[in-house]
Amino acid sequence: MQANWKIMFWTKRAVTKPPQEPIWFGGQPLDVRRSPRARSMRLSIDQRKRAVRLTLPARAALSPALAWAETRRSWAEAQLAKLPHPQPIVPGMLIGVGDEQVRLDWDARHSRVPCKMGSRLQIGGPLETLAARLMRYLRAQAKRVMTAETRQLAAKAGVTITAVGVGDPVSRWGSCSASGAIRYSWRLILAPAFVRQAIIAHEVAHRVHMNHGKAFHALADQLTDGDPKAAHHWLKTHGSSLHAFGRS
């Protein structure tokens, strides 16, 4: 979620102690952070924690900042209300993996290593470690699938890729460095295939154009089988639900 409020603010007085009575938003205390790169106060939403974050310049006074955050309460609580409810991992749940819906089939007698059997994903072991093992499995699947698809599109575009990795960022679905390393959110494996492939085409196109000019978009469109605008619209509409998966 990129929406935020800003106000210019600067003072030489540094306050390092946290407030004794923090402001609460949506059942969570306001997350106050200082950044040496910040030039203004900024209020944003931490989707993972379902919390409101106040970012301050390193030497900004705290009390006026907290008072300013309180004046933005209506906006912050409205943004929190838009977030999907956390989706904890439980036996029997349906999980979207690409274009397929699979049923999580947990039984302590199954192997601890997940095994896909038709439309069921069998997994055993202790129930208390089910979520961690499933997340590791999905992350590995994401890396395998997106590495293969990235290299396939890179060959089509006539470019080289030095490395493909996955992580769990909040603010972006993919990134491409000048060295040729591409990194994705592993959660794209939970999205429909056309969405995942559009992001891959976007990052591969950056190996030719490290900008978002007309030539870049033309190449990204050429590398995408479907409609990239539809993919980005899907992420704008449903992306927060991908971040909610596995959270309780």
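Remember, predicted model here, so these are calculated numbers, not experimental data.

Q: Explain the overall build of the protein chain to me, please; I cannot follow it from the model alone.
A: Looking only at helices and strands, the protein chain has six helices and 13 strands in total. Taken along its principal axes, the extent of the C-alpha atoms in the protein chain is 60 × 50 × 30 Å. Taken across its 248 residues, the protein chain has 43% of its residues classed as buried. Long-range contacts, defined as pairs at least 24 residues apart, comprise 54% of the intrachain contacts of the protein chain with a sequence gap of at least 6. Summed over its atoms, the accessible surface of the protein chain is roughly 13,600 Å², and 54% of this surface lies on carbon and sulfur atoms. The protein chain carries 38 positive and 16 negative side-chain charges, and their two centres are separated by 9 Å.

Q: Whenever I open this one, the pattern of salt bridges confuses me. Can you help?
A: Two side chains that carry opposite charge are able to pair once their charged atoms sit near each other. This structure, assessed with the given rule, holds eleven salt bridges. Here Arg-109 and Asp-107 are joined by a salt bridge, their closest N and O atoms 2.8 Å apart. The exposure class assigned to Arg-109 is exposed, which follows from its relative accessible area of 74%. The shortest N-O distance in the salt bridge between Glu-149 and Arg-196 comes to 2.8 Å.

Q: Sorry, what's going on with the environment of Asp-221 here?
A: Inspection of the secondary structure puts Asp-221 in helix α5 (residues 214-223). Residue Asp-221 is classed as partly exposed on the basis of its relative accessible area of 42%. When the C-alpha positions of Asp-221 and Ala-198 are compared, they lie 8.4 Å apart, and in sequence the two are 23 residues distant.

Q: Any chance you could explain the packing of helix α3 (residues 130-157) against helix α4 (residues 193-205) here in plain terms?
A: Helices that pack against each other are described as a pair by the angle of their axes relative to one another and the distance between those axes. Running from N to C, α3 and α4 point in directions that differ by 50°, and their axes come no closer than 10 Å. One way to sum up the angle between α3 and α4 is to call them oblique. Both α3 and α4 take part in a crossing whose hand is right-handed. When α3 is examined against α4, the residues Val-145, Met-146, Glu-149, Thr-150, Leu-153, Ala-154 and Ala-157 are found in contact with a partner set consisting of Arg-196, Gln-197, Ile-200, Ala-201 and Val-204.

Q: What is the right way to look at the nonpolar core in this model?
A: In summary, soluble globular proteins display a tendency toward joint burial of nonpolar side chains. In terms of nonpolar packing, the biggest core is built from 46 residues, with Leu-104, Leu-134, Trp-186 and Phe-245 touching the most fellow members. In terms of residues, this core owes the most to one element, α3, which gives ten residues. Those residues within four positions of Phe-245 in sequence are excluded, and the remaining contacts are Gln-87, Ile-89, Met-93, Ile-95, Leu-134, Met-135, Leu-138, Trp-186, Arg-187 and Leu-190. The next biggest cluster of nonpolar side chains, apart from the first, holds 19 residues, and it includes Phe-25, Ile-45, Val-52 and Leu-83.

Q: Mind showing me how you'd approach helix α2 (residues 73-82) here?
A: Every α-helical turn comprises 3.6 residues, leaving residues that sit three or four positions apart pointing alike. Looking at α2, one finds that the buried residues are Trp-75, Ala-76, Gln-79 and Leu-80. End-on, the buried residues of α2 take up no more than an arc of 135°, which puts them together on one face. Exposed residues lying more than 90 degrees from the buried face of α2 are Ser-74 and Ala-81.

Q: Explain the sheet that holds strand β8 (residues 100-106) to me, please; I cannot follow it from the model alone.
A: In sheet architecture, strand pairing relies on hydrogen bonds along the backbone and comes in two forms, parallel and antiparallel. One open sheet accounts for four strands, arranged β7-β8-β10-β9; its pairing is mixed. Each edge of the sheet is formed by a strand with only one pairing partner; in this case those strands are β7 (94-97) and β9 (115-117). On average, adjacent strands in this sheet sit at an angle of 35° to one another, irrespective of strand direction. Pairing of β9 with strand β10 (residues 120-123) involves three bridges; the strand directions are antiparallel. Paired with Met-117 across the two strands is Arg-120, which belongs to β10. α3 rests against β7, β8, β9 and β10 of the sheet, and its axis sits at about 125° to β10.

Q: Sorry, what's going on with helix α1 (residues 62-71) here?
A: Looking at α1, one finds that the buried residues are Leu-62, Ala-65, Leu-66, Trp-68 and Ala-69. Seen from one end, α1 has its buried residues packed into an arc of 160°, which puts them on one side. The exposed residues of α1 that point more than 90 degrees off its buried face are Ser-63 and Thr-71.

Q: Teacher, can you tell me more about the sheet that holds strand β12 (residues 174-176) here?
A: Taken in spatial order, the three strands of this open sheet run β11-β13-β12, and their pairing is mixed. The sheet terminates laterally at β11 (163-167) and β12, the two strands that pair on one side only. In this sheet, neighbouring strand axes are inclined to one another by 15° on average, regardless of whether the strands run parallel or antiparallel. Note: β12 against strand β13 (residues 181-185), three bridges, orientation antiparallel. For Ser-175, the partnering residue across the bridge sits in β13 and is Arg-183. Lying on the sheet, α3 is in contact with β11 and β13; it crosses β11 at an angle near 145°. With respect to the sheet, α4 is in contact with β12 and β13, its orientation differing from that of β13 by roughly 155°.

Thresholds, definitions, all that
- Residues numbered from 1 in each chain as written.
- Predicted model: local features only at pLDDT ≥ 70, side-chain atom pairs only at ≥ 80, totals over all residues.
- Heavy atoms only, no water.
- Helix = DSSP H or I, 4+ residues; strand = E, 2+ residues; numbered from the N terminus.
- Buried < 20%, exposed > 50% of the residue type's maximum accessible area, 1.4 Å probe, protein only.
- Contact = heavy atoms within 4.5 Å.
- Areas by Shrake-Rupley, 256 points an atom, 1.4 Å probe, with all protein chains shown as cover.
- Lys, Arg positive; Asp, Glu negative; His and termini not counted.
- Charge placed at Lys NZ, Arg CZ, Asp CG, Glu CD.
- Salt bridge = Lys/Arg side-chain N within 4 Å of Asp/Glu carboxyl O.
- Axes fitted to C-alpha atoms, helices over the stretch in contact; angles between N-to-C directions.
- Parallel < 35°, antiparallel > 145°, perpendicular 65-115°, else oblique.
- Left-handed = near helix turned anticlockwise from the far one by under 90°.
- Core = buried A, V, L, I, M, F, W, Y, C linked by side-chain atoms within 4.5 Å.
- Arc of directions from axis to C-beta.
- Pairing = 2+ DSSP bridges.

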